Amino acid sequence: MALDRFKVMNDYMGHGSGDNVLQVIADRIRTSLRPPDFAARLGGDEFVVLLDDTGDGLAAVAAGNRLLEIISSPIDVEGKRITHTSSVGIALSDGRLLGAEELLDQDEVALYNAKAQGRNRAVVFDRTLKQNVTQRSSTELELRQTPHEDALRLAYQPAFHPLTGDVLAGQAL
């Protein structure tokens, strides 16, 4: 889970106030969990929550939505009421023994998908999300190489008026 646009709040209120907001949010997260569950701050504005035995995942989704509500409750900072949203990525163990690194990778894919969908939401990881990220990353890396390899050409295509032959518009391809 990561706070949405936390840098903006830090820039506006200052890092001391930002630290206070993080402490309040961390305390809200900690007090909302059941005894077997665990929460930690990964760094910056990112937190990880491990839930014990969520069954088919519905409990994890409900917990993610509950965290969205808890975090978005107003916080008093230096006489101002601040509301802050967050994005939640959810990775579920499917019975296989997944390592912490794999679960965190899945969580991160879901988290960035939640942010891409407009923030302030919880998204559950699935394989198609990972495939989309892999494809997008591959395309981006290929495009970074093309200027050095002269792999792109620019062409202009005019659009002509059918009766007069005048150029009406054009497009770059």
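Our subject is the structure listed above.
Residues numbered from 1 in each chain as written. Predicted model: local features only at pLDDT ≥ 70, side-chain atom pairs only at ≥ 80, totals over all residues. Heavy atoms only, no water.

**Considering the packing of helix α4 (residues 100-116) against helix α5 (residues 127-149)**
To characterise two packed helices, one gives the angle between the axes of the helices and the distance between these axes.
Phase 1 of the analysis: Across the interface, α4 lies against α5 with an axial gap of 10 Å and an inter-helix angle of 75°. Accordingly, the angle class assigned to the pair α4 and α5 is roughly perpendicular. Touching Gln106, Val109, Ala110 and Asn113 of α4 are Arg127, Leu129, Lys130 and Val133, all from α5.
Phase 2 of the analysis: Taken together, the residues that form the contact of α4 with α5 break down as 4 nonpolar, 2 polar and 2 charged. (Axes fitted to C-alpha atoms, helices over the stretch in contact; angles between N-to-C directions. Helix = DSSP H or I, 4+ residues; strand = E, 2+ residues; numbered from the N terminus. Parallel < 35°, antiparallel > 145°, perpendicular 65-115°, else oblique. Contact = heavy atoms within 4.5 Å. Nonpolar A, V, L, I, M, F, W, Y, C, P; charged D, E, K, R; others polar.)

**Considering helix α3 (residues 58-72)**
Phase 1 of the analysis: With 15 residues, α3 should reach 21 Å at 1.5 Å per residue; the first-to-last C-alpha distance of 21 Å fits that figure.
Phase 2 of the analysis: Turning to α3, its buried residues number three or more, namely Ala60, Ala63, Gly64, Leu67, Leu68, Ile70 and Ile71.
Phase 3 of the analysis: Residues of α3 that are buried make contact with β1 (2-3), α2 (15-32), β3 (46-50), β6 (86-90) and β7 (122-124). (Expected span 1.5 Å × (residues − 1). Buried < 20%, exposed > 50% of the residue type's maximum accessible area, 1.4 Å probe, protein only.)

**Remarks on the pattern of salt bridges**
Phase 1 of the analysis: One pass over the structure, following the stated rule, counts 6 salt bridges.
Phase 2 of the analysis: The residue Arg30 makes a salt bridge to Asp27 at a minimum N-O spacing of 2.2 Å. Residue Arg30 and its partner Asp27 are located together in helix α2, separated by 3 residues, close to a single helical turn.
Phase 3 of the analysis: A relative accessible area of 54% places Arg30 in the exposed class.
Phase 4 of the analysis: Look at Asp27 and you get partly exposed, because its relative accessible area is 36%. (Salt bridge = Lys/Arg side-chain N within 4 Å of Asp/Glu carboxyl O.)

**A look at the packing of α2 against α3**
Phase 1 of the analysis: Across the interface, α2 lies against α3 with an axial gap of 10 Å and an inter-helix angle of 140°. In terms of orientation, α2 and α3 fall into the oblique class. Judged by the sense of rotation from one axis to the other, the crossing of α2 with α3 is right-handed. Across from Ile25, Arg28, Ile29 and Ser32 in α2, the residues of α3 making contact are Arg66, Leu67, Ile70 and Ile71.
Phase 2 of the analysis: Tallied by class, residues from the contact of α2 with α3 come to 5 nonpolar, 1 polar and 2 charged. (Left-handed = near helix turned anticlockwise from the far one by under 90°.)

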